[in-house]
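Given next are the chains, with one letter for each unit.
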Amino acid sequence: MSDVDLVEAVRVLRDEVLDTAEHGDRDPPGAEVFDAIVNALTIGGESIPGLDLALHDSVARRLAWGDSEEVVLSDAEVVFDRLMIAVERALGDPPDRMVIIEAATQIAVTVARAVSLAAVARAARDRAARLREEMAQKQLEVVLEKQRSSIVRMELEREL
């Protein structure tokens, strides 16, 4: 099967793999993963920085809108699993299936990398915020201690 035919065969599986009937007009979870797989097949499986960046942006957008890392990874896993089942059923030629499996695996790894980078960045931001909070608490303790000592000094002066 030619590369164009293979890409078209995978595009036909989109509704089945993403279970679009269940989600109506909304984009189904994992749509960015499926689209990245189709794009990877279109460019021949080579890692193109633009493809990686687009997928990283999609993952970052989902995380920014409140999806957890687990949900994003789970959606990618579901898309991968459903695609493997659909490809096994729809395509009889093992070399064609291997091309799709390779592209899907590459995309799954890219999603995992994007999620892990986002998690590390979030952890660094959380740590910095925690350190800022601790420093603010220490400064507040110093100010409160100064106020206490001023109050004690004023009370002693008043008594005299």
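Source: prediction; values computed, not measured. (Residues numbered from 1 in each chain as written. Predicted model: local features only at pLDDT ≥ 70, side-chain atom pairs only at ≥ 80, totals over all residues. Heavy atoms only, no water.)

### Comments concerning the nonpolar core
1) Next: Counting 33 residues, the largest nonpolar core has F34, I37, L83, I100, I107 and V111 as its most contacted members.
2) Next: Listed by contribution, the elements that provide at least two residues to this core are α1 (3-12), α2 (14-18), α4 (31-42), α5 (49-64), α6 (69-90) and α7 (94-159).
3) Next: Examining the composition of this core, we find that eight residues originate from one element, α4, more than from any other.
4) Next: Beyond its immediate stretch of four places on either side in the chain, I107 contacts V33, A36, I37, A40, L51 and L55. (Core = buried A, V, L, I, M, F, W, Y, C linked by side-chain atoms within 4.5 Å. Buried < 20%, exposed > 50% of the residue type's maximum accessible area, 1.4 Å probe, protein only. Helix = DSSP H or I, 4+ residues; strand = E, 2+ residues; numbered from the N terminus. Contact = heavy atoms within 4.5 Å.)

### A word on α6
1) Next: For α6, built from 22 residues, the straight-helix expectation of 32 Å at 1.5 Å per residue is met to within 8% by its first-to-last C-alpha distance of 31 Å.
2) Next: When we look at burial in α6, the residues that qualify are E69, V72, D75, A76, V79, L83, M84, A86 and V87. (Expected span 1.5 Å × (residues − 1).)

### Some thoughts on the packing of α4 against α6
1) Next: Closest axis-to-axis distance for the α4/α6 pair is 8 Å, and the angle between their directions is 50 degrees. In this view, α4 runs oblique relative to α6, as classed from their interaxial angle. As for the relative orientation of α4 and α6, their crossing is right-handed in sense. For the pair α4 and α6, contact is made by V33, F34 and I37 and by A76, V79 and L83, respectively.
2) Next: In the contact of α4 with α6, the residues fall into six nonpolar, no polar and no charged. (Axes fitted to C-alpha atoms, helices over the stretch in contact; angles between N-to-C directions. Parallel < 35°, antiparallel > 145°, perpendicular 65-115°, else oblique. Left-handed = near helix turned anticlockwise from the far one by under 90°. Nonpolar A, V, L, I, M, F, W, Y, C, P; charged D, E, K, R; others polar.)

### What to know about the confidence of the model for the protein chain
1) Next: Counting all residues, the mean pLDDT for the protein chain is 86, and 89% of those residues have values of 70 or more.
2) Next: At the level of individual helices and strands, the protein chain shows its lowest average pLDDT in helix α3 (residues 20-23), which scores 61, and its highest in α7, which scores 92. (pLDDT = per-residue confidence, 0-100.)

### Points about the pattern of salt bridges
1) Next: Tallied over the entire structure, the rule returns ten salt bridges.
2) Next: Here E69 and R122 are joined by a salt bridge, their closest N and O atoms 3.0 Å apart. On the criterion of sequence distance, the pair formed by E69 in helix α6 and R122 in helix α7 is long-range, its members being 53 residues apart.
3) Next: Judged by relative accessible area, which is 16%, E69 ranks as buried.
4) Next: You can call R122 partly exposed: its relative accessible area is 35%.
5) Next: Here R122 makes a salt bridge to D126, at a shortest N to O gap of 3.6 Å. With R122 and D126 both in helix α7, this residue pair falls four residues apart, about one helical turn. (Salt bridge = Lys/Arg side-chain N within 4 Å of Asp/Glu carboxyl O.)

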